[in-house]
Structure formats: C-alpha cells, structure tokens
Amino acid sequence: MDLDALRDDIPVLEEIAYLNTGASSPAPRSVVEATTDWIEYHNFEAPIDEGIYPHAWDSYEAARETIAPFLGVSPETIALTSSTVHGINLIVSSIEWQPGDVVVRTDLEHPAGVLPFDRMADLHGIEVRTLETTDGRIDRDELATAVENARLLAMSSLTWSHGTRLPVEEAVDIAHDAGARVLIDAVQSPGQRPVDFEAWDADFVAGSGHKWLLGPWGAGFLYVAPEAIDALAPRGIGYRSVEESGATSYEYKTGAPRFELGTASPAPHVGLAAAIDLLESIGMETVQTRIERLTDRLKAGLGERLISPRTYESGLVTFDADDPEATVERLAEAGAVVRSLPYPDAVRASVHGFNTAEDVDRLLAEL
C-alpha cells in the first residue's frame with residue numbers, strides 16, 4: 001500500500017479535511033474489517049472449529065507478535081491494555097509507595113499522566129514535583145535537580161500541547177543516574193515516526209493504537225523492561241496473569257503479560273495489528289517524510305500565529321487563535337477538523353501521512 005491508497009481506505013476523508021489524529025484517528029476500512037471479521041469468526045465459526053477460547057488465546061499472542069517488534073521490543077515485554085492511561089495506572093498501582101516518595105512530572109503532561117499520581121498522593125502521601133518547562137522544552141539541569149531523591153520520573157515522548165519531541169534518552173539517563181525509574185507516555189509517537197522503546201532505555205512505556213497508529217479504540221500496550229519487572233507488585237490477578245491457572249499456588253508470568261487478567265476482547269488488538277501491518281507496508285520513513293513536508297507547509301501558512309517550533313519535530317502543530325473553541329467549531333462547520341487546547345489556550349492541528357497539501361490549504365483558507 002502507498003499513502004494515496006491509505007487515504008482512499010479512510011472513508012471520512014472523502015467528506016472532510018481530518019486534522020485531529022493527535023486526539024483520535026478514523027481507522028481505515030481495512031482495519032475495521034479485520035476487527036469485525038475477527039468478531040464474526042469468533043462467534044460464528046470458532047465454536048465449531050478450534051473453540052472460542054483457543055481462538056482468543058491465539059489471537060492475543062498473534063497481536064503481541066505484531067505489536068512488539070514494531071515498537072522495537074520482544075513480545076514478552078508487552079502487555080495488551082485498553083489505553084495509555086490503563087497502562088499508566090497498572091504501573092502506578094503496582095509500585096509499593098511509601099509516604100514521602102517523590103514523583104517528578106513535567107507541566108506538559110496530559111491528564112492521563114497527571115491524575116494517577118494525584119491519586120497516589122491522596123492514597124499514599126507521595127510528593128509530586130512538577131518540572132516547569134518553557135515553550136515545550138525541558139531544561140536538562142533543572143531536570144537533574146528535580147529528580148534528586150525521586151523514585152519515578154513520568155513524562156511524555158512528544159508533548160500533546162506543543163508537539164515538541166522531548167529528549168527521552170537523555171532524560172532516562174539523568175533519572176537513572178539519580179536512582180529513579182522512568183515511565184514514558186508514548187501515545188503520540190508510534191505511527192508518525194519510527195520508534196524503538198528498547199533504545200529509549202525507559203523502565204515503562206505506555207501507549208495506545210487509536211491515534212497515529214490508525215487502530216480502533218481499546219487497543220493499548222504497555223512495555224515493561226525485563227530488569228524493571230520485579231520492581232512491581234501487581235494488585236490484580238487472573239488466569240491470564242499466571243503461569244498455570246489451575247495450580248495449587250499461583251506464579252505470575254515472567255514478563256509484562258502478567259498484567260493481563262481474563263477474557264478481554266482481542267478484537268481491538270487484532271485491528272491494531274492490521275493497522276501496523278498496513279503502516280509497515282507503506283514504511284514509517286515514508287509516513288514521516290509526508291508528515292514533515294505537510295507540517296512545513298502548514299507552519300509557513302500560519303506565520304506569526306505558530307506556537308509550535310518552526311522546524312519539524314512532529315505532526316502536532318499548535319497555533320494562536322482569538323477564541324480557540326469558537327475557531328474549532330467554525331472550522332468543523334467548514335469541513336476542517338482540529339481541536340482546542342486548555343494549555344496553551346490555542347488550537348492544535350494534527351497532520352498524518354494520509355493528509356494532503358489540499359487538506360492543509362483548506363485549513364489555512366478557512367483561518
């Protein structure tokens with residue numbers, strides 16, 4: 001498949017200029033069909049053939065075998081979750097917090113990376129330090145100071161507010177040197193550029209497939225580094241979490257699949273695996289090149305309204321508007337879908353590989 005064929009496979013693009021992938025992308029028709037085909041087979045044919053449970057079990061593992069290498073890791077390090085915030089909560093709830101433990105987060109985090117730690121502060125008396133940033137940038141020296149005596153650093157790989165690419169590998173090194181583990185919210189990265197979670201060297205990485213990966217809702221993933229798995233004490237358990245569900249005593253699985261509990265539907269992850277196959281058939285370098293070219297075009301047209309960096313870092317482009325919410329509503333009526341942001345008080349467009357110069361020009365003309 002090429003990018004033109006991908007665009008033709010997304011029905012809504014016949015009607016609108018969809019520039020809101022950073023929130024959620026419409027899935028291609030082939031991805032939706034892979035998902036619904038699985039549901040039909042599971043209910044209509046699997047009971048006669050291999051059986052409902054064996055079919056589901058095989059589907060979990062087949063999806064994991066597709067998702068993991070796309071993220072640069074091995075299958076046993078990936079848990080199949082429902083969303084990014086689900087994965088974050090699995091990690092946060094599995095750390096045995098002590099009063100006074102310190103978590104450091106940036107002031108650029110999505111609520112998914114804020115609320116779980118606020119809850120731990122209420123429950124366990126941990127301290128949450130917020131690292132202030134400037135124009136979507138982290139100061140390395142200030143980060144090093146902030147993580148002194150911290151137990152965990154939680155940050156995004158790409159900021160949802162500015163579209164800036166944060167220095168994940170450097171931040172991980174700084175945190176590890178201070179004795180802190182690192183949890184990365186990576187939901188904005190896979191699908192718009194090549195990623196390698198293992199190279200990041202973070203302890204935990206959470207993400208989801210409904211944005212840049214073009215998958216259905218409900219298909220998240222959680223990476224747990226092998227050397228970090230024993231630092232966690234899972235609070236939940238089920239027959240998919242353990243080595244032998246019928247044993248007289250339980251033993252958690254050795255890797256991240258220990259966080260999977262029971263009969264969750266494999267269908268969303270089947271769809272995500274189909275979406276990943278589709279993106280890999282195009283090539284992530286090709287996708288990223290298109291995104292870069294179109295964001296350059298959009299930024300040039302925005303002129304002084306641009307808030308995001310002028311040079312390319314991601315497909316997220318934030319810009320100033322007198323009344324962001326009213327602007328988003330007006331643009332939607334004109335067939336250009338973007339979103340407003342609470343911080344900064346602005347409008348954000350998301351440019352994917354399925355977008356075209358005509359989409360960008362339509363947005364600029366309406367502005």
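Structure: above.
Residues numbered from 1 in each chain as written. Predicted model: local features only at pLDDT ≥ 70, side-chain atom pairs only at ≥ 80, totals over all residues. Heavy atoms only, no water.

### A closer look at the sheet that holds strand β11 (residues 339-341)
Rules: Two strands pair if DSSP finds at least two bridges between them. Secondary structure elements are defined from DSSP: runs of H or I of at least 4 residues count as helices, runs of E of at least 2 residues count as strands, and each element is numbered from the N terminus. Only the stretch in contact is used when a helix axis is fitted, and all axes are lines through C-alpha atoms; the angle between N-to-C directions ranges over 0 to 180 degrees. Whether two residues are in contact is decided by their heavy atoms: any pair within 4.5 Å suffices.
Strand order in the open sheet made by the 3 strands is β9-β12-β11, with antiparallel pairing throughout. Looking at strand neighbours, the two that pair on one side only are β9 (316-319) and β11, the edges of this open sheet. Neighbour-to-neighbour, the strand axes of the sheet open up by a mean angle of 35 degrees, direction not taken into account. Here β9 pairs with strand β12 (residues 346-350) via 4 bridges, running antiparallel. Paired with Phe319 across the strands is Val347, a residue of β12. Where helix α10 (residues 284-302) meets the sheet, it contacts β9 and β12, and its direction lies at approximately 5 degrees from that of β9.

### A word on helix α9 (residues 267-282)
Note the threshold: Every helix has an expected span of 1.5 Å times one less than the residues it contains. Note on classification: 1.4 Å probe, protein chains only; a residue is buried when its accessible area is under 20% of the maximum for its type, exposed when over 50%, partly exposed between these limits.
If you check α9, its first and last C-alpha atoms are 23 Å apart, about what 16 residues at 1.5 Å a residue would give, namely 22 Å. The buried fraction of α9 amounts to 12 of the 16 residues, a majority that puts the element mostly inside the structure. Those residues of α9 that are buried are in contact with α1 (3-8), α2 (29-44), α3 (52-70), β2 (78-81), β8 (220-224) and α10. One or two steps after α9, the chain reaches Gly283, where phi turns positive at roughly 105 degrees.

### Side note on helix α4 (residues 84-94)
Our working rule: Side-chain atoms alone can form a polar contact between residues adjacent in sequence; in general such a contact is a pair of N or O atoms within 3.5 Å, and within protein one must be able to donate a hydrogen while the other accepts it.
Among the residues of α4, those classed as buried are Thr84, Gly87, Ile88, Leu90, Ile91, Val92 and Ser94. Where α4 starts, the residue carrying a side-chain oxygen 3.1 Å from the main-chain nitrogen of His86 turns out to be Ser83.

### Points about the side chain of Thr77
Relative to the helices and strands, Thr77 resides in the loop between α3 and β2. Discounting residues that sit within four places of it in the chain, Thr77 has contacts with Leu222, Tyr223, Val224, Pro226 and Ala256.

### Thoughts on a nonpolar patch on the surface
The test is simple: Residues enter a patch when their relative accessible area is above 30% and they make no salt bridge; the linking distance is 9 Å between like charges and 5 Å between nonpolar side chains (Val, Leu, Ile, Met, Phe, Trp, Tyr). Using the Shrake-Rupley algorithm and a 1.4 Å probe, accessible areas are obtained, with residue cover drawn only from the displayed protein chains. By convention in these notes, a salt bridge is any Lys or Arg side-chain nitrogen within 4 Å of a carboxyl oxygen on Asp or Glu.
Taken together, the side chains of Ile52, Tyr53, Trp57 and Tyr239 define a hydrophobic patch exposed on the protein surface, amounting to about 390 Å² of accessible area. Residue position: Tyr239 is located in the loop between β8 and α9.

### Remarks on the packing of aromatic side chains
What counts here: Between 30 and 60 degrees the pair is tilted, below 30 it is stacked and above 60 it is edge-to-face, where a pair is any two Phe, Tyr or Trp rings, Trp via its six-membered ring, whose centres lie within 6.5 Å. Here, over-ring charges are defined by two tests on the NZ atom of lysine or the CZ atom of arginine: distance to the ring centre within 6 Å, and angle to the ring normal within 35 degrees.
Inspection of the entire model under this criterion finds 7 aromatic pairs. The interplanar angle of 55 degrees and the centroid separation of 6.3 Å between the aromatic rings of Phe197 and Tyr223 together place this pair among those described as tilted. Here Phe197 is found in helix α8 (residues 197-200), whereas its partner Tyr223 is found in strand β8, with 26 residues between them in sequence. The class of Tyr223 is buried, set by a relative accessible area of 5%. Within the aromatic cluster, the residues linked to one another by ring pairs are Tyr53, Trp57, Tyr60 and Tyr239. Sitting over the ring of Trp97, Arg151 keeps its end group 5.6 Å from the ring centre. The cationic tip of Arg240 hangs over the ring face of Tyr60; the distance from NZ or CZ to the ring centre is 3.5 Å.

From the geometry alone we can't say anything about function, so treat these as descriptive.
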